[in-house]
Amino acid sequence: ELYDKYGMEGVKNGGAPGMGGFGDIFDLFGGGMRGHGHGQKQQKKVKPVLKEIDVKLEDIYTGKMLKIPVERKRVCEECEGKGGSKVNTCSTCKGKGMIEKMMQLAPGMYQHASYPCHDCKGQGKSVDEKDKCKSCKGQKITSQKKQMEVAIEQGVPDGHDYIFYGEADEIPGAMAGDLYFRVKTEKHPHFLRKGADLFYEKKITLLEALTGFNFELKFLDNSKITVSTMPGEVIGHDEMKVIKGKGMPFYKDAMSHGNLYIKFLVEFPKRGQLKACLLYTSDAADDLLCVDLGGRRIIKKKKYRQ
């Protein structure tokens, strides 16, 4: 097969040639040949088509069936790929499908060249205008639309290919090409995926970093994760917390998961925002502390001593 022989580079070069018009029918060949054993005639195979599909991170986490419409070229069912009701031998190439020509390169030097016949498109046969198929207009192939179902598996890696054999373009006398769907993960507004691990950035105030916090995180499956600090815990800027087993499912092992890493970004007050309102100590009065941290206050007060 073409992709076995030439790798994914051959698949990339074999991308959809465009569905607007049929163009030259030879553009559909990928050069792939199939045969079994020596002496047997190898069958041509139409080159594969590669399509990228944008998939949400939520769908990769939970898994989803995607329905994707495609348009491909298929052998005309009306004329069975003959092009018309009456097929004639091409008079230009005399049924060979190739035109042979002797070219002079230099005095006494000649080169024998051959190229596909343009009148019959290398088929060796032609159809008169009056006999052409009304469905394909003598092209032997028609454009066909089909809805493909791609089962996105849990934890499927970015760049993974789903292959549908024989579902790409088709022409008479050749095997239909294969259709590739390549997963392209959409950028998520909050989570960053690295393998099976997820990364999340959370902004907190200086007050929250010093005195603690408690917040809920909406996860990819719409569940909520509560994240809080321990009593007396102080969070530093760029500090990480790890929630084990709350990452992406492992591909082909959905029961196992990676980890969720939460990175805290401490927002420090700007110049002039941090103000000490009053701070004093007295044997006869209260110890009073009033600090403004970006619009929030801490007030500590002791009772008067008797």
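The structure we're discussing is the one just above.
Summary of the structure given here. All values derive from a computational prediction rather than experimental measurement.

**A short note on the pairing of strand 14 (residues 197-205)**
- Judged from the four bridges that link them, strand 13 (residues 191-194) and strand 14 form a sheet pairing that is antiparallel. Bridging across to strand 14, Arg-193 finds its partner in Leu-198.
- Linking two consecutive strands that pair antiparallel, namely strand 13 and strand 14, is a turn of two residues; a positive phi of about 65 degrees is found at Gly-195 within it.
- Note that strand 14 and strand 20 (residues 260-267) share eight bridges and pair parallel. Looking at strand 20, one finds that Ile-204 is bridged to Val-266.

**Brief notes about the pattern of salt bridges**
- Considering all chains together, one arrives at twelve salt bridges under this definition.
- Here Lys-130 ties to Asp-131 by a salt bridge, and the two come within 3.3 Å at their closest N and O atoms.
- Here Arg-182 ties to Asp-161 by a salt bridge, and the two come within 2.8 Å at their closest N and O atoms. Pair noted here: Arg-182 is in strand 12 (residues 179-185) and Asp-161 is in strand 10 (residues 161-164), with a separation of 21 residues, a long-range link.
- Look at the salt bridges and you will find they share partners, linking Arg-72, Lys-146 and Glu-167 into a network.

**A look at the sheet that holds strand 3 (residues 49-55)**
- With mixed pairing, three strands are arranged side by side in an open sheet as 3-12-10. Whereas interior strands pair on both sides, the edge strands pair on one side only; in this sheet they are strand 3 and strand 10. Geometrically, the sheet is characterised by an average inter-axis angle of 25 degrees between neighbouring strands, direction not taken into account.
- Relative to strand 12, strand 3 runs parallel, the two being bridged by seven bridges. The partner of Leu-50 across the bridge, within strand 12, is Tyr-180.

Calculation notes
Residues numbered from 1 in each chain as written. Predicted model: local features only at pLDDT ≥ 70, side-chain atom pairs only at ≥ 80, totals over all residues. Heavy atoms only, no water. Pairing = 2+ DSSP bridges. Helix = DSSP H or I, 4+ residues; strand = E, 2+ residues; numbered from the N terminus. Salt bridge = Lys/Arg side-chain N within 4 Å of Asp/Glu carboxyl O. Axes fitted to C-alpha atoms, helices over the stretch in contact; angles between N-to-C directions.

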